[in-house]
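Working through the structure, step by step
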Amino acid sequence: MATTSSKRSLASPRVTAASAATPVAHRAVASCRVSWDVKLSAADRWRAALEAWAIPEAIVASASQSPWIHPPALFDVPKSIEPSPSHDRAREALPSGGTVLDVGCGGGVAAFALAPPAARVIGVDHQVEMLTMFRANAVDRGLSVETIEGFWPAVADRAPVADVAVAHHVAYNVADVVPFLAALGAHARHRVVLELPDRHPLASLDGAWRHFWNLERPDGPTPEDLLAVLDEMGIAAHSTSFVGRLRAETDLDQAAHFTRIRLCLPAEREAEVRDFLVAHPPSTTRELTTIWWPAGPGQSD
Ligand SMILES: C[S@@+](CC[C@H](N)C(=O)[O-])C[C@H]1O[C@@H](n2cnc3c(N)ncnc32)[C@H](O)[C@@H]1O
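The sections below set out a description of the structure shown in this document. (Residues numbered from 1 in each chain as written. Predicted model: local features only at pLDDT ≥ 70, side-chain atom pairs only at ≥ 80, totals over all residues.)

Our next topic: the overall build of the chain. Helices and strands together make up the secondary structure of the chain, namely 11 helices and nine strands. Here the chain, with 301 residues, has 40% of them falling under the buried criterion. A sequence separation of at least 24 residues applies to 74% of the contacts in the chain between residues at least 6 apart. (Helix = DSSP H or I, 4+ residues; strand = E, 2+ residues; numbered from the N terminus. Buried ≥ 20, exposed ≤ 12 C-beta atoms within 10 Å, placed from the backbone. Contact = placed C-beta atoms within 7 Å.)

Printed below as a string of C-alpha coordinates:
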(Lines give C-alpha, C1' and ligand atoms only; values in the text may rest on other atoms or scores of the structure.)
Protein backbone atom coordinates (compact mmCIF):
# COMPACT_ATOMS: atom_id res chain seq x y z
CA MET A 1 0.00 0.00 0.00
CA ALA A 2 1.41 3.36 -0.95
CA THR A 3 1.91 6.21 1.49
CA THR A 4 -1.33 7.94 2.34
CA SER A 5 -1.47 11.68 2.94
CA SER A 6 -2.45 12.82 6.42
CA LYS A 7 -6.10 13.75 6.96
CA ARG A 8 -4.79 16.52 9.20
CA SER A 9 -2.48 18.09 6.67
CA LEU A 10 -4.19 21.48 6.70
CA ALA A 11 -4.52 21.84 10.42
CA SER A 12 -1.99 21.79 13.21
CA PRO A 13 -2.31 21.23 16.92
CA ARG A 14 -1.34 23.93 19.38
CA VAL A 15 -0.95 22.81 22.95
CA THR A 16 -2.41 25.32 25.38
CA ALA A 17 -0.09 25.85 28.33
CA ALA A 18 -1.60 25.32 31.76
CA SER A 19 -1.61 28.15 34.26
CA ALA A 20 0.51 27.45 37.33
CA ALA A 21 -2.23 28.95 39.51
CA THR A 22 -5.02 26.65 38.27
CA PRO A 23 -6.21 24.01 40.78
CA VAL A 24 -4.97 20.49 39.96
CA ALA A 25 -8.08 18.83 38.51
CA HIS A 26 -9.00 21.87 36.43
CA ARG A 27 -5.45 22.44 35.26
CA ALA A 28 -5.19 18.78 34.33
CA VAL A 29 -7.97 19.20 31.78
CA ALA A 30 -6.73 22.58 30.57
CA SER A 31 -3.20 21.30 29.96
CA CYS A 32 -4.39 18.87 27.30
CA ARG A 33 -6.45 21.30 25.29
CA VAL A 34 -5.35 21.30 21.66
CA SER A 35 -6.61 23.79 19.10
CA TRP A 36 -6.18 23.54 15.32
CA ASP A 37 -4.22 26.46 14.02
CA VAL A 38 -1.99 27.64 11.15
CA LYS A 39 -0.13 25.09 9.07
CA LEU A 40 2.93 23.48 10.67
CA SER A 41 5.22 20.91 9.11
CA ALA A 42 4.31 17.26 9.60
CA ALA A 43 7.39 16.92 11.84
CA ASP A 44 6.21 19.83 14.02
CA ARG A 45 2.72 18.33 14.19
CA TRP A 46 4.23 15.01 15.31
CA ARG A 47 6.19 16.76 18.05
CA ALA A 48 3.20 18.83 19.22
CA ALA A 49 0.92 15.79 19.31
CA LEU A 50 3.45 13.93 21.50
CA GLU A 51 4.06 16.95 23.72
CA ALA A 52 0.32 17.05 24.39
CA TRP A 53 0.86 13.79 26.36
CA ALA A 54 2.89 15.65 28.98
CA ILE A 55 1.39 15.08 32.41
CA PRO A 56 0.49 18.32 34.20
CA GLU A 57 3.31 19.56 36.41
CA ALA A 58 1.32 19.37 39.67
CA ILE A 59 0.39 15.72 39.06
CA VAL A 60 3.96 14.70 38.24
CA ALA A 61 5.21 16.61 41.29
CA SER A 62 2.94 14.51 43.51
CA ALA A 63 4.41 11.24 42.17
CA SER A 64 7.14 9.38 44.03
CA GLN A 65 8.70 8.06 40.80
CA SER A 66 8.65 8.75 37.08
CA PRO A 67 5.41 7.60 35.44
CA TRP A 68 7.20 7.05 32.10
CA ILE A 69 8.10 3.41 32.68
CA HIS A 70 8.76 0.52 30.30
CA PRO A 71 8.90 -2.47 32.67
CA PRO A 72 11.51 -4.79 31.07
CA ALA A 73 9.54 -8.00 31.84
CA LEU A 74 6.76 -6.84 29.52
CA PHE A 75 9.17 -6.68 26.59
CA ASP A 76 10.90 -10.04 26.87
CA VAL A 77 10.54 -12.39 23.91
CA PRO A 78 7.56 -14.77 24.16
CA LYS A 79 8.21 -18.52 23.68
CA SER A 80 6.50 -18.37 20.34
CA ILE A 81 6.68 -15.12 18.36
CA GLU A 82 3.38 -14.33 16.60
CA PRO A 83 3.68 -13.91 12.83
CA SER A 84 3.02 -10.34 11.67
CA PRO A 85 3.30 -8.19 8.54
CA SER A 86 6.16 -6.33 10.27
CA HIS A 87 8.23 -9.52 10.51
CA ASP A 88 7.27 -10.53 6.95
CA ARG A 89 8.28 -7.15 5.45
CA ALA A 90 11.65 -7.29 7.24
CA ARG A 91 12.32 -10.96 6.45
CA GLU A 92 11.76 -10.54 2.73
CA ALA A 93 14.55 -7.91 2.60
CA LEU A 94 17.08 -10.00 4.59
CA PRO A 95 19.75 -12.13 2.95
CA SER A 96 20.50 -15.51 4.49
CA GLY A 97 22.95 -14.98 7.38
CA GLY A 98 22.12 -11.24 7.34
CA THR A 99 22.24 -8.61 10.06
CA VAL A 100 19.37 -6.87 11.86
CA LEU A 101 19.67 -3.58 13.75
CA ASP A 102 16.87 -3.39 16.35
CA VAL A 103 16.46 0.15 17.75
CA GLY A 104 14.55 0.43 21.03
CA CYS A 105 15.02 -3.34 21.10
CA GLY A 106 13.61 -4.26 24.52
CA GLY A 107 14.11 -8.04 24.80
CA GLY A 108 14.41 -8.19 21.02
CA VAL A 109 11.17 -9.69 19.69
CA ALA A 110 11.50 -7.70 16.44
CA ALA A 111 15.04 -8.98 15.81
CA PHE A 112 14.57 -12.58 16.94
CA ALA A 113 11.48 -13.03 14.76
CA LEU A 114 13.96 -12.64 11.87
CA ALA A 115 16.51 -15.25 12.95
CA PRO A 116 16.83 -17.18 10.74
CA PRO A 117 17.51 -15.89 8.12
CA ALA A 118 19.36 -13.29 10.26
CA ALA A 119 22.49 -14.61 11.96
CA ARG A 120 23.66 -11.37 13.62
CA VAL A 121 21.59 -8.98 15.73
CA ILE A 122 22.47 -5.53 17.02
CA GLY A 123 20.28 -4.15 19.81
CA VAL A 124 20.11 -0.48 20.78
CA ASP A 125 18.25 0.65 23.90
CA HIS A 126 18.71 3.30 26.57
CA GLN A 127 17.71 0.81 29.30
CA VAL A 128 20.52 -1.51 30.27
CA GLU A 129 18.08 -4.19 31.57
CA MET A 130 16.62 -4.44 28.07
CA LEU A 131 20.07 -4.97 26.57
CA THR A 132 20.84 -7.68 29.15
CA MET A 133 17.68 -9.54 28.05
CA PHE A 134 18.51 -8.94 24.38
CA ARG A 135 22.02 -10.37 24.76
CA ALA A 136 20.81 -13.43 26.73
CA ASN A 137 18.11 -14.11 24.12
CA ALA A 138 20.67 -13.88 21.30
CA VAL A 139 23.08 -16.24 23.07
CA ASP A 140 20.22 -18.75 23.67
CA ARG A 141 19.57 -18.72 19.92
CA GLY A 142 23.23 -19.09 18.97
CA LEU A 143 23.31 -15.68 17.25
CA SER A 144 26.15 -13.24 16.95
CA VAL A 145 25.18 -10.19 19.03
CA GLU A 146 26.19 -6.61 19.73
CA THR A 147 24.43 -4.19 22.08
CA ILE A 148 24.65 -0.42 22.21
CA GLU A 149 23.36 1.45 25.26
CA GLY A 150 21.91 4.90 24.74
CA PHE A 151 19.35 6.99 22.92
CA TRP A 152 18.96 6.68 19.17
CA PRO A 153 20.07 8.67 17.16
CA ALA A 154 22.63 10.07 19.66
CA VAL A 155 24.43 6.69 19.66
CA ALA A 156 23.98 6.01 15.94
CA ASP A 157 27.64 6.66 15.13
CA ARG A 158 28.52 3.59 17.26
CA ALA A 159 26.16 1.32 15.29
CA PRO A 160 27.26 -0.61 12.22
CA VAL A 161 25.16 -0.62 9.04
CA ALA A 162 22.85 -3.66 8.99
CA ASP A 163 20.85 -5.32 6.21
CA VAL A 164 17.56 -4.32 7.81
CA ALA A 165 16.84 -1.80 10.58
CA VAL A 166 13.72 -2.28 12.69
CA ALA A 167 12.13 -0.17 15.42
CA HIS A 168 8.98 -1.62 16.96
CA HIS A 169 6.87 0.38 19.40
CA VAL A 170 9.42 3.16 19.75
CA ALA A 171 8.23 6.04 17.53
CA TYR A 172 5.72 7.38 20.09
CA ASN A 173 8.66 7.96 22.46
CA VAL A 174 10.45 10.17 19.97
CA ALA A 175 9.36 13.80 19.63
CA ASP A 176 12.31 14.76 17.44
CA VAL A 177 11.45 12.08 14.94
CA VAL A 178 13.19 13.27 11.74
CA PRO A 179 16.78 12.55 12.88
CA PHE A 180 15.56 9.30 14.43
CA LEU A 181 14.12 8.14 11.09
CA ALA A 182 17.01 9.48 9.02
CA ALA A 183 19.57 7.62 11.16
CA LEU A 184 17.59 4.38 10.75
CA GLY A 185 17.73 4.81 6.97
CA ALA A 186 21.45 5.55 7.10
CA HIS A 187 22.06 2.29 9.01
CA ALA A 188 20.12 -0.09 6.72
CA ARG A 189 21.44 -1.58 3.49
CA HIS A 190 18.04 -2.77 2.26
CA ARG A 191 15.00 -1.75 4.28
CA VAL A 192 13.71 -0.02 7.41
CA VAL A 193 10.64 -1.48 9.13
CA LEU A 194 8.69 0.24 11.90
CA GLU A 195 5.75 -1.10 13.86
CA LEU A 196 3.46 1.08 15.96
CA PRO A 197 -0.02 0.86 17.37
CA ASP A 198 -2.70 2.96 15.67
CA ARG A 199 -3.31 4.74 18.97
CA HIS A 200 -0.69 5.96 21.45
CA PRO A 201 0.15 3.07 23.82
CA LEU A 202 -1.01 5.09 26.84
CA ALA A 203 -4.45 5.63 25.30
CA SER A 204 -5.50 2.44 27.08
CA LEU A 205 -5.33 4.46 30.32
CA ASP A 206 -7.68 7.23 29.12
CA GLY A 207 -10.54 6.01 31.32
CA ALA A 208 -8.26 5.66 34.34
CA TRP A 209 -6.92 9.22 33.96
CA ARG A 210 -10.50 10.50 33.76
CA HIS A 211 -11.49 8.45 36.79
CA PHE A 212 -8.55 9.27 39.08
CA TRP A 213 -7.61 12.80 37.95
CA ASN A 214 -10.48 14.15 35.84
CA LEU A 215 -7.87 14.44 33.09
CA GLU A 216 -8.63 14.14 29.38
CA ARG A 217 -5.74 12.65 27.42
CA PRO A 218 -4.91 13.55 23.80
CA ASP A 219 -5.71 11.22 20.91
CA GLY A 220 -2.76 11.65 18.52
CA PRO A 221 -0.46 11.21 16.84
CA THR A 222 -1.18 8.28 14.52
CA PRO A 223 0.79 6.15 12.04
CA GLU A 224 -0.72 8.36 9.34
CA ASP A 225 1.03 11.35 10.93
CA LEU A 226 4.33 9.45 10.83
CA LEU A 227 3.78 8.67 7.14
CA ALA A 228 3.30 12.40 6.56
CA VAL A 229 6.67 13.06 8.25
CA LEU A 230 8.34 10.47 6.01
CA ASP A 231 6.68 12.00 2.97
CA GLU A 232 8.00 15.39 4.01
CA MET A 233 11.49 13.86 4.27
CA GLY A 234 11.17 12.69 0.67
CA ILE A 235 10.84 9.03 1.71
CA ALA A 236 8.26 6.98 -0.19
CA ALA A 237 7.14 4.64 2.58
CA HIS A 238 4.55 1.88 2.48
CA SER A 239 2.18 0.86 5.23
CA THR A 240 -0.24 -1.88 6.15
CA SER A 241 -2.52 -2.31 9.16
CA PHE A 242 -3.35 -5.44 11.13
CA VAL A 243 -4.77 -6.54 14.45
CA GLY A 244 -2.32 -7.89 17.04
CA ARG A 245 -2.30 -8.95 20.64
CA LEU A 246 -2.04 -6.17 23.23
CA ARG A 247 0.99 -6.77 25.43
CA ALA A 248 -0.02 -6.16 29.00
CA GLU A 249 0.82 -7.45 32.45
CA THR A 250 -0.94 -10.79 32.90
CA ASP A 251 -0.71 -10.67 36.69
CA LEU A 252 -3.38 -8.36 38.15
CA ASP A 253 -1.28 -7.21 41.11
CA GLN A 254 1.61 -6.37 38.83
CA ALA A 255 -0.77 -4.57 36.43
CA ALA A 256 -2.16 -2.53 39.34
CA HIS A 257 1.37 -1.69 40.47
CA PHE A 258 2.57 -0.41 37.10
CA THR A 259 -0.73 1.33 36.34
CA ARG A 260 -0.61 3.11 39.69
CA ILE A 261 2.91 4.38 38.85
CA ARG A 262 1.83 5.46 35.33
CA LEU A 263 -1.05 7.37 36.92
CA CYS A 264 1.26 9.17 39.40
CA LEU A 265 -0.72 7.78 42.35
CA PRO A 266 0.74 6.96 45.79
CA ALA A 267 1.30 3.34 46.86
CA GLU A 268 -1.67 3.47 49.27
CA ARG A 269 -4.03 3.80 46.27
CA GLU A 270 -2.84 0.63 44.54
CA ALA A 271 -5.87 -1.38 45.74
CA GLU A 272 -8.19 1.24 44.22
CA VAL A 273 -6.32 0.97 40.93
CA ARG A 274 -6.64 -2.82 41.11
CA ASP A 275 -10.43 -2.49 41.59
CA PHE A 276 -10.59 -0.11 38.63
CA LEU A 277 -8.75 -2.61 36.43
CA VAL A 278 -11.10 -5.43 37.48
CA ALA A 279 -14.12 -3.24 36.63
CA HIS A 280 -12.59 -2.05 33.33
CA PRO A 281 -10.61 -4.95 31.86
CA PRO A 282 -8.34 -3.82 29.02
CA SER A 283 -8.85 -5.08 25.48
CA THR A 284 -6.66 -8.04 24.54
CA THR A 285 -6.08 -6.88 20.96
CA ARG A 286 -5.26 -3.63 19.20
CA GLU A 287 -4.78 -2.24 15.72
CA LEU A 288 -1.18 -1.93 14.61
CA THR A 289 0.56 -0.50 11.55
CA THR A 290 3.71 -1.65 9.79
CA ILE A 291 5.60 1.10 7.94
CA TRP A 292 8.55 0.25 5.71
CA TRP A 293 10.76 1.91 3.13
CA PRO A 294 13.78 1.02 1.02
CA ALA A 295 17.22 2.05 2.21
CA GLY A 296 20.75 1.84 0.92
CA PRO A 297 22.04 1.89 -2.63
CA GLY A 298 19.48 -0.64 -4.01
CA GLN A 299 16.31 1.20 -2.90
CA SER A 300 14.34 -1.40 -4.83
CA ASP A 301 10.90 -1.50 -3.19
C1 LIG B 1 7.66 -0.18 24.10
S2 LIG B 1 9.28 -0.81 24.24
C3 LIG B 1 9.39 -1.83 22.79
C4 LIG B 1 10.49 -2.84 22.86
C5 LIG B 1 10.64 -3.76 21.62
N6 LIG B 1 10.97 -3.01 20.44
C7 LIG B 1 9.38 -4.54 21.43
O8 LIG B 1 8.65 -4.31 20.46
O9 LIG B 1 9.14 -5.43 22.28
C10 LIG B 1 10.21 0.62 23.74
C11 LIG B 1 11.69 0.44 23.97
O12 LIG B 1 12.39 1.48 23.31
C13 LIG B 1 13.36 2.02 24.17
N14 LIG B 1 13.56 3.38 23.66
C15 LIG B 1 12.65 4.38 23.57
N16 LIG B 1 13.16 5.44 22.93
C17 LIG B 1 14.44 5.11 22.59
C18 LIG B 1 15.50 5.79 21.91
N19 LIG B 1 15.34 7.02 21.41
N20 LIG B 1 16.68 5.15 21.76
C21 LIG B 1 16.86 3.91 22.26
N22 LIG B 1 15.89 3.22 22.91
C23 LIG B 1 14.71 3.81 23.06
C24 LIG B 1 12.79 1.85 25.57
O25 LIG B 1 13.79 1.80 26.56
C26 LIG B 1 12.09 0.50 25.42
O27 LIG B 1 12.96 -0.58 25.70
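For the ligand, the set of nearby residues contains 19 residues, the closest of which are Gly 104, Gly 106, Trp 152, His 168 and Asn 173. Elements with a contribution of two residues or more to the shell around the ligand: α5 (109-112) and β4 (120-125). The residue makeup of the shell around the ligand, split by class, is 10 nonpolar, eight polar and one charged. (Near = placed C-beta within 6 Å. Nonpolar A, V, L, I, M, F, W, Y, C, P; charged D, E, K, R; others polar.)

Quick look at unusual backbone geometry now. Omega for the bond connecting Ala 115 with Pro 116 falls within 30 degrees of zero, at -5 degrees, which places this linkage in the cis form. Locating Pro 116 in the fold gives a position in the loop between α5 and β4. Omega for the bond connecting Pro 116 with Pro 117 falls within 30 degrees of zero, at 10 degrees, which places this linkage in the cis form. One can find Pro 117 in the loop between α5 and β4.

Okay, the pairing of β4 next. Of all six residues making up β4, five are buried, and the element is well covered by its neighbours. With five bridges joining them, strand β3 (residues 99-103) and β4 adopt parallel strand pairing. Bridging from a neighbouring strand, Val 103 pairs with Val 124 of β4. With six bridges connecting them, β4 and strand β5 (residues 144-149) associate as parallel partners. When the bridges of β5 are listed, Val 121 appears paired with Val 145. (Pairing = 2+ DSSP bridges.)

Where helix α10 (residues 252-262) contacts helix α11 (residues 270-279), the two axes come as close as 9 Å, and the packing angle between them is 115 degrees. Considered as vectors, α10 and α11 are oriented roughly perpendicular to each other. Viewed along their axes, α10 and α11 form a crossing whose handedness is right-handed. Of the residues in α11, those touching α10 at Leu 252, Asp 253, Ala 255, Ala 256, His 257, Thr 259 and Arg 260 are Glu 270, Val 273, Arg 274 and Leu 277. Its residues assigned to classes, the contact of α10 with α11 comprises five nonpolar, two polar and four charged. (Axes fitted to C-alpha atoms, helices over the stretch in contact; angles between N-to-C directions. Parallel < 35°, antiparallel > 145°, perpendicular 65-115°, else oblique. Left-handed = near helix turned anticlockwise from the far one by under 90°.)

Moving on: the packing of helix α2 (residues 42-51) against helix α9 (residues 223-232). One can describe the packing of α2 onto α9 by two numbers: an axis separation of 8 Å at closest approach and a directional angle of 150 degrees. As summarised for this structure, α2 and α9 are arranged roughly antiparallel, according to the angle between their axes. Considering the relative orientation of α2 and α9, their crossing is left-handed. Of the residues in α9, those in contact with Ala 42, Ala 43, Arg 45, Trp 46 and Ala 49 of α2 are Asp 225, Leu 226, Ala 228, Val 229 and Glu 232.

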